[in-house]
Amino acid sequence: MTEDLRLDLLGPLRGWSGERRLELGPLRQQAFLAVLALRADQVVSADDLLALVWDDAPPASGTQIVATYAYRLRQLLPKDVLVSSRAGYRLQVSLDLTRFEELVSAAHATDDLDEAAANLSEALALFKGEPLGGLPGHYVGVERHRLTERRLKVLAERIDLDLERGRYGDLVPELVALVEADRLREQFAGQLMLAYWRSGRSSEALDTYTRTRAELVEQLGVEPGPALRAIHERILRNDEPVARPVLRDELPYDGAAFVGRDDVLTQVVGSLRTPGPAVVAIDGMAGVGKTALAVRAARQLADVYPDGRLFIDLHGYTPGNEPVSALQALDRLLRTLAVPADRIPADLEERAALWRSELAGRRILVVLDNAPDSAAVRPLLAGSPQCGVLVTSRRQLTGLDATARLALDVLGPEDARDLLAEIVGPDRAGDTAAAAQVVSQCGHLPLAIRVAGSRLRHRPSWTIEHLSRRLDAEDRRLAELSTDSGGVSPAFALSYEHLPSDQQRLFRLLGAMTGQDVDMYAAAALADVDAVDAEDLLEQLVDANLLLQLRPGRFQFHDLLRQYARTLDPEPDAVRRLLDYYLYATTAASTAIFSSQLQPLPEPAPVRLPEFTSASDGLEWIDSEGANVLATIRFAESSGASEHAWRLGLAVASCFFQRGRVYEMDEALELALRAAPDASAEARVLLSMGSLWRYRRGAEASLRTLQDARDRLPQDADLALRARLLASIGYSLAKLHPDDEAIAVLEEALKVARHAGETGIASRVLAYLGVTYGDRGEFARALSAYEESLALGDPAVRGEVLNGIGECLLELDRVDDAVAALTTARDLGVERGADYSLIYTYAFLGTAYARQHQWATAIDVGRRSLELALESDSTQSQQNAYLRLAETLLAKGDLTQARPHFARALELALAEGPESMVQRAAGGLERTAAAA
């Protein structure tokens, strides 16, 4: 934490450096600072800052304005308190809000009422007016409301402490002002009634109730709540609470084997030490250990809840039991508090009011286990600030007004192994690798580990390796982890059976997922429903803890749940729809990226697709879905869906190349070739292989593959395919020897493309001719070919063509024109996410800036080119990047740094490179010999 900067948020925004108050600038700039402060010590992305600060009036410049505001703040603030990175911005600051929460926590941690009240009073004194007063923006407004409500909650807690300490008369003036300021806040009205009553002023207490009730009826049309009515009834009966005996501990046995969970246990216990009342909700999938955690936490809270710890199983997911209704649960709970049966009302609302009245003044923790939903829990909540409620459920209880929520995940690998060792003994679990394999096969799910451990413990002849082998077969794993009396499958089945039919259907269909996760469009294809409806169903399965959402919009199964879903009845057409979805979506993404479609598909698409309005949309989709597309190709190839497999492999290969995912590209093409149903399809795949492999495996290997494609090409193949194949063969020939033979093949390809009316192919062939003439040192002819290519207007090759133009202009000593062309190429490459073309753009820009003696910029972009080249696994691009960076360093006079780059460029060029590259690298080594 940086002590040089202090910010006050609990009032108008104020900043301090030591004792000096800082001028924080205009209101929008202050709002920018406030957002960073509210997320202090967290990295906040530029996109998030734009949304949070300018939600009411987003600027046309988008996220560019964020950097401007960050720069202005750095001029105002102490050094190094605003830290920026590629991920965003982080503010390191001391806050009055932090001090406020520290004091509140200290009050909650002590049993000394005087000390607790003093801490809360000091915390409340930190408020200097309306939090973040006057600052614009919806997010700041929400935080202002939250902090205001937080202050009122803590103020009510301090008043409760003063009531317990008998300071009734001192409280009356303060509470009169609070009630007058907000006549609808029943809590302060109830506290004022108690202060009046215990000061001997019963008539004023009753008058406060009458006025509050009238205000509620007139303004809201409602009667006072149960808590206020209970106070009123006690005053009418003059019924001061008397000491009650300590209730028995109803917590069940929580088992001997409880390992790990230290962090979440501390979180639960800490949340229940907070006066409030505290309501903590724990949710998680079946078998994840919710009940064990709840009971273990409750056992650590005897000092906070000395009047009793009650436990009731609501049987939300218990075989053979209907869920316990709220009416039934209240009956049992009230009887536990020794309320006579004839005093327990039949009406649910009246019964809940009596329950809250009985809890008033007591310190009791109520554990509500296995809740079916929020509605079953709400009537059972305590109203007393001294009581706590701990709820567990397989569903996310989103309708519950909880003070803390915890989504319980599976165990970490080490804790999972420790649990297995606790069950079977350290000797039986001594083989660390085998134990790790077993808990991994159990998906680190505590229930599955307990079943597996129990099987091993009761079979002395088994070894842990034998158990692992039995669990290795996925089709048998669920059976191995289930027993007659329970286990994994029955637990999952109960969760599944409680779903509505539409959620059950999607859960079943998701078992056919070919990849690791799905978005709403893939799910919509599986279920043949609208994408928005699919997203709603996915979110509902997340709420039921039958699906995981590791990041927004992406959903996946726990491994065992996925295997369970696969045991349910599938729909045969669902898999075909999913294959169609990935084929059409990948093709659409590729078309958006390259502005051309390599393999037309029948229209319209048989499934709903995302919108791809720009290259960035396509690239973003490939980044998210690439692994799933590859898994889908594997599935299609192995299951006999050959048409989908080869077309999908061909569609995604260039996209993978564009993102530098070359090993995935290789696998996609190899699978596509295996699945190709005829010679025409084989030729198409081999053409893609030869073209893309040229940059990684060299021109010679590329040429062999392309010649194989030509040999398989049917005589009646369409002219466009023939033109593309000739163009690629000619380019590989040119990269080996930029001689007349290569140029002749490229000119033939150009002729065929023009005859076929394929402007895009013609544009690419002209670009290849430009490269070839450049490799021959004929830069004027190369520039002419590039400019003719550019004039055809094919956006798919525009970036590469501009790179070629830039190189030619450099060689023709038109440096300023080269910088202009290459800057356009850079902007286009960044926009399109074209990492491969950017390798050359940055390399040529490095040379251009060096010619202008802008050494720092030249070296910076040269190194960026080399970084991208090394990531690309392309020998050609690495040769160029090493050589041009070396030439820049040499021109600057840094022989020591230049020499190893020349050496590496020469090594690569000698293995496979044009003679011109060998000569330039060798010449550079000679000129840097003095640094050897």
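Going along each chain's sequence as written, the residues are numbered from 1 onward. Whole-chain, interface and lining totals are the exception, using all residues; otherwise, since this is a predicted model, local features are given only for residues with pLDDT of at least 70 and side-chain atom pairs are given and counted only at 80 or more. Only hydrogens and water are set aside when side-chain values are computed; all heavy atoms of the structure are taken into account.

- The protein chain carries the name Tetratricopeptide repeat protein in an unreviewed UniProt entry, which gives Kribbella sindirgiensis as its organism.
- Quoted verbatim from the Sequence similarities (unreviewed entry) heading of the UniProt record, the comment on the protein chain is "Belongs to the AfsR/DnrI/RedD regulatory family." UniProt positions are given in the numbering used here, feature names are shortened, and annotations may be inferred rather than shown by experiment.

A short note on a nonpolar patch on the surface
Argument step 1. For patches, a residue must show more than 30% relative accessible area and have no salt bridge; joins then use 9 Å for like charges and 5 Å for nonpolar side chains, namely Val, Leu, Ile, Met, Phe, Trp and Tyr. Here the open area of atoms and residues is found with the Shrake-Rupley method and a 1.4 Å probe, where only the protein chains shown may cover a residue. Note on definitions: salt bridges are taken to be side-chain nitrogens of Lys or Arg within 4 Å of carboxyl oxygens of Asp or Glu. Together, Leu184, Leu220 and Val222 make up a nonpolar patch on the protein surface, roughly 230 Å² of accessible area in all.
Argument step 2. Residue placement: leucine 220 occurs in helix α9 (residues 202–220). The way it works is that DSSP assigns letters per residue, a run of H or I at least four long becomes a helix, a run of E at least two long becomes a strand, and they are numbered from the N terminus.

Structural notes on the pairing of strand β4 (residues 82–85)
Argument step 1. As paired strands, β4 and strand β5 (residues 88–91) are joined by four bridges and run antiparallel to one another. Within β5, the residue paired with leucine 82 across the bridge is leucine 91. Pairing between strands is defined by DSSP: at least two bridges between the two strands are required.

Let's talk about helix α13 (residues 326–336)
Argument step 1. The buried label goes to any residue with under 20% of its type's maximum accessible area, the exposed label to any with over 50%, and the partly exposed label to all in between, with areas taken from a 1.4 Å probe on protein chains only. Buried within α13 are the following residues: Ala326, Ala329, Leu330, Leu333, Leu334 and Thr336. Relative to the axis of α13, the buried residues are bounded by an arc of 150 degrees and lie together on one face.
Argument step 2. What makes two residues a contact is simply this: any of their non-hydrogen atoms within 4.5 Å. In this structure, the buried side of α13 is in contact with β8 (309–313), α14 (348–359) and β9 (365–369).
Argument step 3. Looking one or two residues beyond α13, the residue adopting positive phi is alanine 338, at roughly 70 degrees. Picture the helix axis, draw a direction to every C-beta atom, and the arc is the one those directions span.

Notes on unusual backbone geometry
Argument step 1. Looking along the chain, the bond that leaves glutamate 603 and enters proline 604 is cis, with omega of -5 degrees.
Argument step 2. Even without being glycine, asparagine 370 reaches a positive phi, approximately 60 degrees.
Argument step 3. As for its position among the elements, asparagine 370 is in the loop between β9 and β10 (388–393).
Argument step 4. Here asparagine 370 falls in the buried class, since its relative accessible area comes to 13%.

A word on the sheet that holds strand β11 (residues 404–407)
Argument step 1. Pairing is parallel in the open sheet, where five strands are placed in the order β8-β9-β10-β7-β11. Here the strands that pair on one side only, and so sit at the sheet edges, are β8 and β11. Across the sheet, the mean angle separating the axes of adjacent strands is 15 degrees when strand polarity is ignored.
Argument step 2. Examined bridge by bridge, β9 and β10 share four bridges and lie parallel to one another. Fitted lines through C-alpha atoms give the axes, limited to the stretch in contact for helices. The angle between two N-to-C directions lies from 0 to 180 degrees.

Describing the pattern of salt bridges
Any two side chains of opposite charge can pair if their charged atoms end up close together.
Argument step 1. All told, the structure shown has 50 salt bridges when counted by the stated rule.
Argument step 2. The salt bridge involving aspartate 303 is made with arginine 273; its shortest N-O contact spans 3.1 Å. One end of the pair, aspartate 303, is in the loop between α12 (290–299) and β8; the other, arginine 273, is in the loop between α11 (262–272) and β7 (278–283), with 30 residues separating them in the sequence.
Argument step 3. For arginine 273, a relative accessible area of 30% corresponds to the partly exposed category.

Observations regarding the nonpolar core
Argument step 1. The set of buried Ala, Val, Leu, Ile, Met, Phe, Trp, Tyr and Cys residues whose side-chain atoms join them within 4.5 Å is what this entry labels a nonpolar core. Grouped together as the largest cluster of nonpolar side chains are 217 residues, with contacts concentrated most on Val268, Leu272, Leu293, Phe492, Phe507, Leu510 and Trp621.
Argument step 2. Among the elements that make up this core, the one with the highest residue count is helix α25 (residues 572–594) (twelve residues).
Argument step 3. Discounting residues that sit within four places of it in the chain, tryptophan 621 has contacts with Asp519, Tyr581, Tyr582, Ala585, Thr586, Ala589, Pro610, Phe612, Gly626 and Val629.
Argument step 4. Judged by nonpolar contacts, the second largest core, of 76 residues, contains Phe32, Tyr89, Leu103 and Ile231.

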